[in-house]
Amino acid sequence: MSDDQREKFGLTVTGLHAAYDRLAVLHGLDFHVMPGEILALVGANGAGKTSVLRSVSGLLRPTQGTVKLGDRDVTAFGAERIASIGLAHVPENRLVFPTLSVEDNLVLGGYVRRKDDGYARRREEALALFPRLADRINLAAGALSGGEQQMLAMARALMSEPSVIILDEPSLGLAPKVVGEIMSALGILRDTKGLAVLLVEQNVRAAFKVADRVMVMDRGKVVAEGTPADLASDERVRAAYLGGSSTSSSGIAGPKAQAAH
Ligand code: ATP
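In this report, the structure presented in the accompanying data block is examined.

About the criteria used
- Residues numbered from 1 in each chain as written.
- Predicted model: local features only at pLDDT ≥ 70, side-chain atom pairs only at ≥ 80, totals over all residues.
- Heavy atoms only, no water.
- Helix = DSSP H or I, 4+ residues; strand = E, 2+ residues; numbered from the N terminus.
- Buried < 20%, exposed > 50% of the residue type's maximum accessible area, 1.4 Å probe, protein only.
- Contact = heavy atoms within 4.5 Å.
- Areas by Shrake-Rupley, 256 points an atom, 1.4 Å probe, with all protein chains shown as cover.
- Near = heavy atom within 4 Å.
- Polar contact = N/O pair within 3.5 Å; in protein donor to acceptor, adjacent residues only side chain to side chain.
- Nonpolar A, V, L, I, M, F, W, Y, C, P; charged D, E, K, R; others polar.
- 1 Å grid on protein atoms, 1.4 Å probe; cavity = no way out; pocket = protein on both sides within 12 Å on 5 of 7 lines; lining within 4 Å.
- Points joined across faces, edges and corners; volume = space filled by probe spheres on them.
- Pairing = 2+ DSSP bridges.
- Axes fitted to C-alpha atoms, helices over the stretch in contact; angles between N-to-C directions.

Scanning the protein chain for helices and strands turns up 10 helices and 10 strands. Going through the 261 residues of the protein chain one by one, you find that 51% of them count as buried. Pairs at least 24 apart in sequence give 67% of the contacts found in the protein chain among residues at least 6 apart. Accessible surface for the protein chain amounts to roughly 11,500 Å². Of this, 51% is attributable to carbon and sulfur atoms.

Below, the structure is given as structure tokens:
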């Protein structure tokens, strides 16, 4: 079976608890992201969003609960094995290899798959999604703008041909136009590739535009969940995240300030 015929699968998380040493930070989360779906995870600074991503990608071992990719329980697996099964993690702050060229960053992203015919196709698809990278293919990644580095971090993740992609604040510090490009790329990946996308965002408005469902976290728990339309009409969520009535006592802490563009 060729790579692009591989059946896509989703992510299912059940009863997830996690801790740093003895400090418990996640307290029993349940959620599912289906193939062809974008789930946005929003919440205040320190709510535990990054810890959720680290728990599903194998960087932080859950203390309780299960993480499944399709039917496969990967809770006890390390990050490399989880990546090879089909989950790609795009961490906060891009983390491209700055002294390597754009091309070599893509090569490294594909290392969990063989460098075969599929490699050329995946490279072409990633560059078609982000044409700016094609124009800069021989430049050192460190010479790219912040937006281009984010695109490269995503393109590199796609080189492993994942079923599930998880992203930590891809819009952080980027101009609105670039944020729009990043979000529309996620929409394309959902619609044309059937990827399951778990998106952590502080830019709640941008996340609401592209997400199919939204989950709001506060202090390690899910406190609201629904479609963007459902949540936009929830006064608590409006007040905390969408600039709604400030007189409402939401019980949901608002996000940290957006970085300057
Ligand atoms: P942010 O928006 O600031 O990135 P977040 O919602 O992603 O916040 P996490 O980064 O998951 O939240 O942090 C959740 C809690 O875990 C916080 O109380 C944080 O201080 C704590 N924490 C995060 N990383 C570590 C670590 N490496 N060691 C100890 N505690 C940590």
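Here we come to the site of the ligand. Surveying the vicinity of the ligand reveals 13 residues, the closest of which are Asn45, Gly46, Lys49, Thr50 and Ser51. One of the side-chain nitrogen or oxygen atoms of Ser51 is found 2.5 Å away from an oxygen atom of the ligand. Within the side chain of Gln202, an N or O atom sits 3.0 Å from an oxygen atom of the ligand. For the ligand, whose unbound accessible area comes to 630 Å², protein coverage reaches 62%. In terms of residues, the shell around the ligand owes the most to one element, helix α1 (residues 49-57), which gives three residues. Class assignment of the residues belonging to the shell around the ligand gives a composition of four nonpolar, six polar and three charged.

Right, let's talk about the layout of surface pockets for a bit. Using a probe with the size of a water molecule, rolled over the atoms, empty space left in the structure can be pinpointed. There is about 160 Å³ of room inside the second largest pocket. What lines the second largest pocket is a set of 13 residues, and nearest its centre among them are Glu125, Ala126, Leu158, Leu189 and Lys193. Looking at the lining of the second largest pocket, the elements that each hand over two or more residues are α4 (117-129) and α7 (176-193). Along the lines of polarity and charge, the residues of the lining of the second largest pocket split into seven nonpolar, one polar and five charged.

Right, let's get into the sheet that holds strand β7 (residues 164-168). Read from one edge of the open sheet, six strands run β6-β7-β8-β3-β9-β10, paired in mixed fashion. Every other strand in the sheet has two partners, leaving β6 (87-90) and β10 (221-226) as the edge strands with one partner each. Taking the axes of each pair of neighbouring strands and ignoring which way they run, one obtains an average angle of 15 degrees across the sheet. Two strands pair when backbone bridges link them, and strand β3 (residues 37-43) and strand β8 (residues 196-200) are joined in this way by five bridges, in the parallel orientation. In the sheet register, Ile38 faces β8, and the bridge partner there is Val197. Packing against the sheet, α1 makes contact with β3, β6, β7, β8 and β9 (213-218), and its axis sits at approximately 150 degrees to β7. Helix α6 (residues 146-158) contacts β6 and β7 of the sheet and is inclined by roughly 165 degrees relative to β6.

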